[in-house]
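# Structure assessment
Read off the chains here:
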Amino acid sequence: MMKEFNRKRARKPLPPVLQVMYEFAHVVLGSAIVAIAFNIFLLPNQIASGGVSGISTITLHVFGFEPAFVQWALNIPLFVAGVLLLGGSFRGGLLYGTKTLVGTVFLPFVVYLTRDWEAATMDPLLAAIFGGIGVGLGLGIVFRSNSSTGGTDLAAQIVHKYTGMSLGVCVFFMDGLVVTASAAVFGFEFALYALIGLFTTGKTIDLVQVGFGYSKMVMIISDYEEEVKQGLLTKVDRGVTKLTGFGGYTDEERSVLMCVVGRNEVTGLKRVIQTIDPNAFVIVSNTSEVLGEGFKKP
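Residues numbered from 1 in each chain as written. Predicted model: local features only at pLDDT ≥ 70, side-chain atom pairs only at ≥ 80, totals over all residues. Heavy atoms only, no water.

The next thing to look at is the overall build of the protein. Broken down by element type, the protein carries 10 helices and four strands. Taken from N to C terminus, the helices and strands of the protein fall in the order α-α-α-α-α-α-α-α-β-α-β-β-α-β. For the protein, the proportion of its 298 residues judged to be buried stands at 41%. When contacts within the protein are restricted to residue pairs at least 6 apart in sequence, those whose partners lie at least 24 apart make up 75%. Surface summary for the protein: the accessible area is close to 16,400 Å², and the carbon and sulfur share equals 64%. (Helix = DSSP H or I, 4+ residues; strand = E, 2+ residues; numbered from the N terminus. Buried < 20%, exposed > 50% of the residue type's maximum accessible area, 1.4 Å probe, protein only. Contact = heavy atoms within 4.5 Å. Areas by Shrake-Rupley, 256 points an atom, 1.4 Å probe, with all protein chains shown as cover.)

Below you can see the structure in the form of structure tokens.
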């Protein structure tokens, strides 16, 4: 890709030992946030929004079992099963497994330490929303360290390996079973709150993973290809990539210009194109994350 902006010195990577310590710190921090959100939002409001934490919410209500003990009792065997059954597909090798083990053990530990904390709210809707945000924030931090907190995600990976079902379907199936069980135990309304929490968690994880910096990818087909390219390089100050395409009707070879810009640059970009070629074919689409010079550093 051609670049017209100044090159910036790349951030120097951390030494390997410090990088590992940094990742473990993320696992500990993220696990603690998940545990606290569980104890002050989800558990007191009987919101079982999937996963082992949701199962522990149900077993507390039905049998009176301590949630932290239930989470340990499920997470540790699932971790061992993941190591034994997934083998090479238990991605990341020894370091990934060690970080996952830390998250698997530490999260219930914080749940136990904070079990007597007062609920932040007794409004189930607020609890579902802010509990989902808290859990999503914590899991997003853990995922950014290339790790996991184990639980039903490992069970989903095992089912995926031995049934051939897609991983997404397996995760949805596991969480769906927990939410269905919560409907039977707490009632249909609380199952709906659990779905709100589950949805909020997923969206928050996405935000933590890719950030708020949504950009726009623009594809341009024009008879004035060179003029448009120079306009983007000099007036919009963004790089341009030239791709080769073929017209579906004429089967003629055409150049396609691709340019990625920030949201605040889209209007200026379209104005430049319109000035040069009012008949240009322009496609503008969202892109959730762009890594590289001029955007976010990897």
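Now for the sheet that holds strand E2 (residues 241-246). Here four strands make up an open sheet; going across it, the order is E2-E3-E1-E4 and the pairing antiparallel. Looking at strand neighbours, the two that pair on one side only are E2 and strand E4 (281-287), the edges of this open sheet. Each adjacent strand pair in this sheet contributes to an overall mean axis angle of 25 degrees, direction not counted. Bridge count for strand E1 (residues 215-221) against strand E3 (residues 253-262) is six bridges, and the pairing is antiparallel. Note on E3: the bridge partner recorded for Val218 is Cys259. Contacting E1, E2 and E3, helix H9 (residues 225-236) runs over the sheet at an angle of about 15 degrees to E3. In the packing of helix H10 (residues 266-276) onto the sheet, contacts are made with E1, E3 and E4, and the angle to E3 comes to roughly 150 degrees. (Pairing = 2+ DSSP bridges. Axes fitted to C-alpha atoms, helices over the stretch in contact; angles between N-to-C directions.)

So, on to unusual backbone geometry. Trans peptide bonds make up most of the peptide bonds, and negative phi angles are found at most residues other than glycine. In the Ramachandran plot, Gln46 falls in the positive-phi region, its phi being about 55 degrees despite a non-glycine side chain. As for its position among the elements, Gln46 is in the loop between helix H1 (16-42) and helix H2 (51-63). Even without a glycine there, the phi angle at Asp251 is positive, about 60 degrees. Looking at where Asp251 falls in the secondary structure, it is placed in the loop between E2 and E3.

Ile47, Val111 and Val135 are the most contacted members of the largest nonpolar core, which totals 23 residues. Taken together, the elements giving at least two residues each to this core come down to H1, helix H4 (93-113), helix H5 (124-144) and helix H8 (188-210). Sort the elements by how many residues they give to this core and H1 lands first, with eight residues. Sequence-distant contacts of Ile47, defined by excluding residues within four places in its chain, comprise Leu42, Thr57, Pro124, Ala127, Ala128, Tyr193 and Ala194. Formed by 15 residues, the second largest nonpolar core is a distinct cluster that contains Leu233, Val240, Cys259 and Val272. (Core = buried A, V, L, I, M, F, W, Y, C linked by side-chain atoms within 4.5 Å.)

Following the criterion strictly, the structure yields six aromatic pairs and no others. Between Phe41 and Phe130 the ring centres are 6.4 Å apart and the planes differ by 25 degrees, which places this aromatic pair in the stacked class. Pair noted here: Phe41 is in helix H1 and Phe130 is in helix H5, with a separation of 89 residues, a long-range link. Note on Phe41: relative accessible area 15%, which makes it buried. Where Phe69 meets Tyr112, the ring centres are 5.6 Å apart and the plane angle is 25 degrees; that geometry is what we call stacked. In this pair, Phe69 is assigned in helix H3 (residues 67-86) and Tyr112 in helix H4, connecting sequence segments 43 residues apart. A cation sits over an aromatic face here: Arg115 above Tyr112, 3.8 Å from the ring centre. (Phe/Tyr/Trp six-rings, centres within 6.5 Å; stacked < 30°, edge-to-face > 60°. Lys NZ or Arg CZ within 6 Å of the ring centre and 35° of its normal.)

Now for the environment of Val111. Position of Val111 among the secondary structure elements: in helix H4. Not counting residues within four places of it along the chain, the set of residues in contact with Val111 comprises Ala35, Phe38, Asn39, Pro67, Ala68 and Gln71.

Next up on the list: the pairing of E3. When you tally the buried positions in E3, you get seven out of 10 residues, the bulk of the element. Of the pairings in the sheet, the one linking E2 to E3 comprises six bridges and is antiparallel in character. Along E3, the bridge assignment pairs Phe246 with Glu253. In this structure, the hairpin formed by E2 and E3 is closed by a connection of six residues, where Asp251 is found at a positive phi of approximately 60 degrees.

Attention shifts here to the UniProt feature "transmembrane region" (unreviewed entry) in the protein. Taking the UniProt record as the reference, the feature "transmembrane region" (unreviewed entry) is found at residues 20-43, 69-87, 94-113, 125-143, 164-186 and 192-214. The annotated region residues 20-43 carries 96% helix and 0% strand content, and the separation between its end C-alpha atoms amounts to 33 Å. End C-alpha atoms of residues 125-143 are separated by 26 Å, and the span's content is 100% helix alongside 0% strand. (UniProt positions renumbered as here; feature names shortened; annotations may be inferred.)

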